[in-house]
Amino acid sequence: MHVNISINTFEVPQNITDIQPGTFSGGVLSSFKGKYASYNGDSLIVDGTLVAILPNVSKYTVTTTVQTIAPHVFKYSDVTDISFPKSVANFRANAIDGQNIRNLFFSSTTPATLEKGAFVLNDNVSIYVPAESKELYLQANDWQEYISLIKANETGSGSGNEDFTDEGEEEW
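The subject of this paragraph is the sheet that holds strand β8 (residues 90-91). Taken in spatial order, the five strands make up an open sheet running β3-β4-β6-β8-β10, and their pairing is mixed. Where the open sheet ends on each side, the last strands, each with one partner, are β3 (43-46) and β10 (113-114). For β3 and strand β4 (residues 49-53), the ladder comprises four bridges, and the chain directions are antiparallel. Paired with serine 43 across the two strands is isoleucine 53, which belongs to β4.

Within strand β11 (residues 126-130), four of the five residues are buried, which leaves it mostly tucked inside the rest of the structure. The pairing of β11 with strand β12 (residues 150-153) spans four bridges and is classified as parallel. Bridge pairing in β12 places valine 129 opposite alanine 152. Read from β11 through helix α1 (residues 134-139) to β12, the crossover connection turns out right-handed.

Moving on to the confidence of the model for the protein. Where the model shows low pLDDT, its predicted coordinates should not be examined in detail. In the predicted model, the protein carries a mean pLDDT of 83, and 79% of its residues have values of at least 70. Contacts of residues 157-161 to residues separated by more than four positions or lying in other chains number 14 contacts, the stretch itself having pLDDT below 50. Across residues 163-172, confidence stays below pLDDT 50; counting only partners more than four residues off in sequence or on other chains, it has 25 contacts.

Looking now at the environment of glycine 34. With respect to the helices, strands and loops of the structure, glycine 34 is situated in strand β2 (residues 31-34). For the pair glycine 34 and glutamine 14, spaced 20 residues apart in sequence, the C-alpha to C-alpha distance is 7.5 Å. The residues touching glycine 34, leaving out its near neighbours within four places in the chain, are Glu11 and Val12.

In this section: the pattern of salt bridges. All chains considered together, the criterion is met by two salt bridges. The partner of aspartate 81 in a salt bridge is lysine 59, and the shortest N-O contact between them spans 3.3 Å. Of this pair, aspartate 81 sits in strand β7 (residues 81-84) while lysine 59 is found in strand β5 (residues 59-61), placing the two residues 22 residues apart along the sequence. Relative accessible area serves as the criterion here: at 12%, aspartate 81 is assigned to the buried category. With its nearest N and O atoms 2.8 Å apart, the salt bridge here joins arginine 92 to glutamate 115. One end of the pair, arginine 92, is in the loop between β8 and β9 (103-106); the other, glutamate 115, is in the loop between β10 and β11, with 23 residues separating them in the sequence.

One pass over the full model with this rule turns up twelve aromatic pairs. Ring centres of phenylalanine 91 and phenylalanine 106 lie 5.8 Å apart, and the angle between their planes is 65°; this geometry places the pair in the edge-to-face category. Of this pair, phenylalanine 91 sits in strand β8 while phenylalanine 106 sits in strand β9, and the two are 15 residues apart along the sequence. One exposure class covers both phenylalanine 91 and phenylalanine 106, and it is buried. When the centroid spacing of 5.3 Å and the interplanar angle of 85° are considered together, the rings of phenylalanine 106 and tryptophan 143 count as edge-to-face. Here phenylalanine 106 is found in strand β9, whereas its partner tryptophan 143 is found in the loop between α1 and β12, with 37 residues between them in sequence. On the accessibility criterion, phenylalanine 106 (4% relative accessible area) is buried. The class for tryptophan 143 is buried, based on a relative accessible area of 0%. Put simply, the rings of Phe84, Phe91, Phe106, Phe119, Tyr137, Trp143 and Tyr146 touch in pairs and so form one group of aromatic residues.

What counts and what doesn't
- Residues numbered from 1 in each chain as written.
- Predicted model: local features only at pLDDT ≥ 70, side-chain atom pairs only at ≥ 80, totals over all residues.
- Heavy atoms only, no water.
- Pairing = 2+ DSSP bridges.
- Helix = DSSP H or I, 4+ residues; strand = E, 2+ residues; numbered from the N terminus.
- Buried < 20%, exposed > 50% of the residue type's maximum accessible area, 1.4 Å probe, protein only.
- Right-handed = clockwise from strand over helix to strand, strands pointing away.
- pLDDT = per-residue confidence, 0-100.
- Contact = heavy atoms within 4.5 Å.
- Salt bridge = Lys/Arg side-chain N within 4 Å of Asp/Glu carboxyl O.
- Phe/Tyr/Trp six-rings, centres within 6.5 Å; stacked < 30°, edge-to-face > 60°.

This is the structure in structure tokens:
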């Protein structure tokens, strides 16, 4: 099911047990509430899996309650930059497939597990990883098709090298 939403807030009913990726793409939704909503209402997280984000967000930071990125979460969004905390260890097929994506920032020194076709990216996308771990990413089997996009992140602050808790505070 694909929903074009023209409401500001969507409250997830308690009886909902499954949310298909891409369900909330398109429209002018400004927040999620209720079951599965993140602390700030910008995403839906089901059992540690990010399944939806607000469609009109340009920069998105995944919270540390997320371990897996579901397929097509970013496909129909306006997001250009995505920051992933150390907690994200798995990317499903087509997890990162948004047309607007330009920068991916990873804070983990250990490369995540990627299903085949996890990233569907344009050639102008940059994947930033911790400088001290760039070689690990370049050597990881799952990451081989993306090695030309991998760059060392030397800057740190504000670009995915911080981890954020579900309360929105930096985790040190």
